[in-house]
Structure formats: structure tokens, C-alpha cells
Amino acid sequence: MSTHHLLQALSLLFSLPLLSATPHHQQDQETTTPITRFQQYLRINTAHPNPDYSSAISFLQSQSQLLNLTAHLLHFSPSKPLLLLTWPGSNPSLPSILLNSHLDSVPAEPSKWLHPPFSALRDPSSGHIYARGAQDDKCIGLQYLEAIRVLQSQFNYKPTRTIHISYVPDEEIGGFDGMMAFVRSKEFEVLNLGFVLDEGQASMGDEYRVFYADRSPWHVVVRATGTPGHGSRMFDGGAVENLMRSVEVMSRFRENQLDLVKAGLAGYSDVVSVNPVYLKAGIPTPDGFVMNMQPSQAEAGFDIRFSPTTDSDLLKKKIADEWAPASRNMSFEVCLQKGCTSAKSGPDIAFQPSSSYVAYERIIYEWLINLAEEYLVIFITEKGPLRDYLGRPLMTATDDSNPWWPIFKQAVEAAGGKLSKPEILASTTDARFTRQMGIPTLGFSPMKNTPILLHDHNEVFLKDSVYLEGIKVYVSVIKSLSSFEGAVSL
């Protein structure tokens, strides 16, 4: 069947009226409609710090069995399963396709929501579905399967290229025990991947957004020690004073970057964002803090993001020269997710490769406590790769030099959609790990005319009709990508 006739049939299929769930019929609907299956997935609480991965995996496995997909359960870390589903293609010698989403979500504050965040309540009058993870990114995880369901049941479609669907843990906390471990495994190597689709972001307009790169994250911790004293005394070298000197310099840099965006000279994805996320100081009491004593330690945390075109070495030099100058007896630490290299000489600290960063960070902190007074350290935690295996920026081409790009673009258009100008995602996803392997990877979540509410209170997938429209888009995209037989060497 041609793509044109397939999409005509889909339009008829998804124009059928939606039934709102009632206690009497709810169980039956949960097994028969795309919307209620989506709600069922959303009701599984996979929020950190204690995500219920086992229930999510069980649900997804049950859905995959109905589609006759091969399922493999992988563990690269205890209690953190990764589910890999496979729809074999008729020509397994061709590089395969990977559709990725993550199982976990960020925490939710129930008191700040209109409806319980894991009720997946659907407002029958508006079609709004309220649930943590609705946009980020359980929507695409189920849309992949729903699109395959349509291709199999309605059109008896069989792919030429093998299609893999991965559900990975821990994306929201860095992906180190999920996608990063997966791409380094033998199980990943044998997939022979040619192209990857991962999560994108909602569009508030009529066009779908597509992302060819992510910004790279640094988590920066500024920790100061200083001379303690009575709250009435004024002297140089207090911990909070030492901290604020550095924070003020960082804040001025942030203001300059934001001014570029406000003036229309750069987009949010083009600048280096520096955002304070916490401050910690003072001596706590049961009902507050000791107010007549200046503390000996103070700490601030920042989230820094920069594009693949940013020179990270120049950024580190700025930190060394301006944010933590040696003239003020300051230094900084550049830490990878599993270790650290010191910019200032100090005691050797041994650690095993299997040690977690949290454990190693504790060792560093214990060392800092014993350092001389009036000393400040800046930790920079590099949360993932900055270059691919050939030393190139982590970017996927969105022109004819990438044979996958026109196939993807035409498939979206065949489904009645239109892509906006390709972007760098302002945040960070697991796509950086597959791009590091040199595999073309696009970020795409088919949500248009939808407010961007990921990680927000009342995260809502604007309308159930938006979800169904996304399935229609994936039917076209999956069919086009998996039937493409051209050369894909880049």
C-alpha cells in the first residue's frame, strides 16, 4: 500500500470519537485504545529517587508480546533494567534503526498539581492528560509501539531494515548506567545501527521541532572555607564572602549571555547558560540557623550548558582566570562522571574505576574540610562526552550530506506535518551517547501547538488528539526509514 493511501486510512482511524474512561468500562478500554494504554503507562511511577522500573518493564513487555517483537532485558547496573525490543527486517545485512526513549522521570510535588501527578487523569472536555512524564518522554515510548501496531494490523507492513526500540533507565540523572553503558556494550555493537531517533521537545507553533545536537552539561559546585567568627565582626576571608566573590563574577557572565538572547543576537541554545540551582551555608538549628555566628563553610551549585561549537578549553580557562583566580587562593576541579583531575596540586586520591561519582565526591569533600582556611574549590562535573570518537563536535548533519535527513523530512511531510528549522536542544538527552559513536541521531517528539511543560508542575500532553497525531507521524517515519535501501555511509 502506498504511503498516501496508508495516511488516508490513518486519518479515518484516528478521527473516531474518543471514549472517556468510566469505572465500568475502564479495564476494557485500557487494553483496546491508544489513549488508555498511554494512561496506563503514565500511572507507573518511575520518578526519581525510587523509579518503579520493574512495573514499567512488565507493561512494555506485555505490549511487545502482542506485537510479536523480540524482547531482551539487559542490566548494566543492578536494579536498572534496559529493555530492547526488536522487529526483524527482511534484509538484516542493512544497518538497523533505533528508536529510543527513557523509562524514568523527574520527581513531582503533588501539592503543586491540579491532579495527582501519576493519576494520568484525562479531562473529557479538553482532552488534556495530566501526568509526570507525559511530555518527557513516555509519550514517544508508547507512540513507537502504537505506530508499529498500526503498521502490522492495518497494513500488514514488514520492514526491510531491522527496527530496535530501547527503553533505558536513568536518563534524568545523566544516563551513565543506562544509555552510556549500553553504547559501550557488545549488545549495542551487534545491532549495526545506521540511524537513531531520540526525544525532542514540544512546539508551541504549527511546525514540529527537530534537534541535531544537544548542549553539553557541566555541573559546577563552588565550595568555600574561611575563618569563622561572631556575627558582629567584620573581617576579610569569611567563607560566605569568599563564595560570593566567585558567584558575583559568574552572575555577571550569565547576565551578559542572557542579554544576547534578549537582544535577538543568539538563541537559548547558542549561548552558555549559567544557572544557580542551590546555596548552602550557615549552622542549622531545629528551627532555622544560628544568626550570631559566621560559618566556616559555604557552597553554591550551578548548572552550565554550552553548545557543541563552544570551545570547552576556553571556557575552562575563563573559570581558572576569572571565576577561580589563583590570586585569591582559589582553584577548580574538572570531574568526569566517574573521576576527577585536579587543577591544583594536592594529595593523591585513589579510587576504583567502578566507584560511583557520589562516593568519590564524598572523598574530595572530606579532603577539603582539612584544607587551610580561606580556600575555595570549584568542581566541574562533565556529564557526558564533548566530542565523538573521531574528535568531531556531537552534531548530526541536516542536509543532503546525511542520507537519512531527506528520508526523515519527507516522511514527516507525507504525514501532513512540517519541520521547523533544525535546532540545538537547549537541554541534554541520551542522544549525545549515540552521536559520540558517530551514529546519525535526531531528537524528535511530534508535539505541535503544545506548551513546553516538561519538568513543570501539571506536566500535560496538551490534547489526546496531539498524541494520536503523533502516532500518525511515526507510522510514516518508521515506514520510510525502515524501507530505505540506499547507501548510508557518512
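Keep in mind it's a predicted model, so treat the numbers as computed, not measured. (Residues numbered from 1 in each chain as written. Predicted model: local features only at pLDDT ≥ 70, side-chain atom pairs only at ≥ 80, totals over all residues. Heavy atoms only, no water.)

## What to know about the overall build of the protein
Okay, step 1: What the protein contains, in helices and strands, is 13 helices and 21 strands.
Okay, step 2: When the 490 residues of the protein are sorted by exposure, 54% land in the buried category.
Okay, step 3: Intrachain contacts of the protein at a sequence separation of at least 6 include 78% that bridge at least 24 residues.
Okay, step 4: As presented, the protein carries roughly 21,900 Å² of accessible surface, and 54% of it is formed by carbon and sulfur atoms. (Helix = DSSP H or I, 4+ residues; strand = E, 2+ residues; numbered from the N terminus. Buried < 20%, exposed > 50% of the residue type's maximum accessible area, 1.4 Å probe, protein only. Contact = heavy atoms within 4.5 Å. Areas by Shrake-Rupley, 256 points an atom, 1.4 Å probe, with all protein chains shown as cover.)

## Quick notes on the packing of helix 11 (residues 404–414) against helix 13 (residues 464–483)
How two helices sit against one another is set out by the angle between their axes and by the gap between those axes.
Okay, step 1: Here helix 11 crosses helix 13 at 145 degrees, and the two axes come no closer than 8 Å. Crossing of helix 11 over helix 13 shows right-handed handedness. Contact with helix 11, carried on its side by Trp-404, Ile-407, Phe-408, Ala-411, Val-412 and Ala-414, involves Val-473, Ser-476, Val-477, Ser-480 and Leu-481 of helix 13 and no other residues of that element.
Okay, step 2: Class assignment for the residues of the contact of helix 11 with helix 13 results in nine nonpolar, two polar and no charged. (Axes fitted to C-alpha atoms, helices over the stretch in contact; angles between N-to-C directions. Left-handed = near helix turned anticlockwise from the far one by under 90°. Nonpolar A, V, L, I, M, F, W, Y, C, P; charged D, E, K, R; others polar.)

## A look at the sheet that holds strand 8 (residues 210–214)
Within a sheet, neighbouring strands are paired by backbone hydrogen bonds and run either parallel or antiparallel to one another.
Okay, step 1: Reading across from one edge, 1-2-6-3-7-20-8-19 is the order of the eight strands in this open sheet, with mixed pairing throughout. The sheet is open, and its two borders are formed by strand 1 (70–75) and strand 19 (423–425), each paired with just one other strand. Adjacent strand axes in the sheet meet at a mean angle of 30 degrees, parallel and antiparallel pairs treated alike.
Okay, step 2: Strand direction decides the pairing type here: strand 3 (residues 96–102) and strand 6 (residues 163–168), joined by six bridges, are parallel. (Pairing = 2+ DSSP bridges.)

## Quick look at the UniProt feature "active site" (unreviewed entry) in the protein
Okay, step 1: The positions that UniProt labels "active site" (unreviewed entry) are, in the present scheme, Asp-104 and Glu-171. Taken along the chain, the residues just named run across 68 residues; in space they keep tight, none of their C-alpha pairs more than 6.8 Å apart.
Okay, step 2: Summarising the element assignment, Asp-104 is placed in the loop between strand 3 and strand 4 (121–122).
Okay, step 3: Classification of Asp-104 as buried rests on a relative accessible area of 1%.
Okay, step 4: If we skip the residues at most four places from it in the chain, Asp-104 touches Thr-46, His-48, Tyr-53, Asp-136, Val-168, Pro-169, Asp-170, Glu-171, Glu-172 and Ile-173.
Okay, step 5: A distance of 3.4 Å separates a polar side-chain atom of Asp-104 from the backbone nitrogen of Asp-170.
Okay, step 6: Within the element layout of this structure, Glu-171 appears in the loop between strand 6 and helix 6 (179–183).
Okay, step 7: With residues up to four places along the chain from it excluded, the contact list for Glu-171 reads His-102, Asp-104, Glu-199, Thr-428, Thr-429 and Asp-430.
Okay, step 8: Reaching out from Glu-171, the side chain makes a polar contact with the side chain of His-102 at a distance of 3.3 Å. (UniProt positions renumbered as here; feature names shortened; annotations may be inferred. Polar contact = N/O pair within 3.5 Å; in protein donor to acceptor, adjacent residues only side chain to side chain.)

## With respect to the nonpolar core
Okay, step 1: With 67 residues, the main nonpolar core has Tyr-41, Leu-60, Ile-165, Tyr-167, Leu-197, Phe-408 and Phe-444 as its most contacted residues.
Okay, step 2: Counting residues per element, this core draws most heavily on helix 13, which supplies ten residues.
Okay, step 3: Residues within four places of Leu-197 in sequence aside, it is in contact with Leu-98, Leu-99, Asn-100, Tyr-144, Phe-408, Leu-442, Phe-444, Tyr-474, Val-477 and Leu-481.
Okay, step 4: Val-222, Ala-224, Leu-243 and Trp-323 belong to the second largest nonpolar core, which has 21 residues in total. (Core = buried A, V, L, I, M, F, W, Y, C linked by side-chain atoms within 4.5 Å.)

## Some points on the confidence of the model for the protein
Okay, step 1: Mean pLDDT over the protein stands at 83; residues scoring 70 or higher make up 80%.
Okay, step 2: Low pLDDT, under 50, characterises residues 9–30; the stretch is placed with 29 contacts to residues that sit more than four places away or in other chains.
Okay, step 3: Note on residues 338–375: pLDDT under 50 across the span, and 60 contacts to partners over four residues away in sequence or across chains. (pLDDT = per-residue confidence, 0-100.)

## Some remarks on unusual backbone geometry
Okay, step 1: The amide bond that connects His-48 to the next residue, Pro-49, takes the cis arrangement and shows omega of 15 degrees.
Okay, step 2: With respect to the helices and strands, the residue Pro-49 is situated in the loop between helix 3 (34–42) and helix 4 (53–66).
Okay, step 3: The step from Asp-136 to Asp-137 runs through a cis peptide bond, and the omega angle for that step is -15 degrees.
Okay, step 4: Of note, Asp-137 is situated in the loop between strand 5 (129–130) and helix 5 (138–153).

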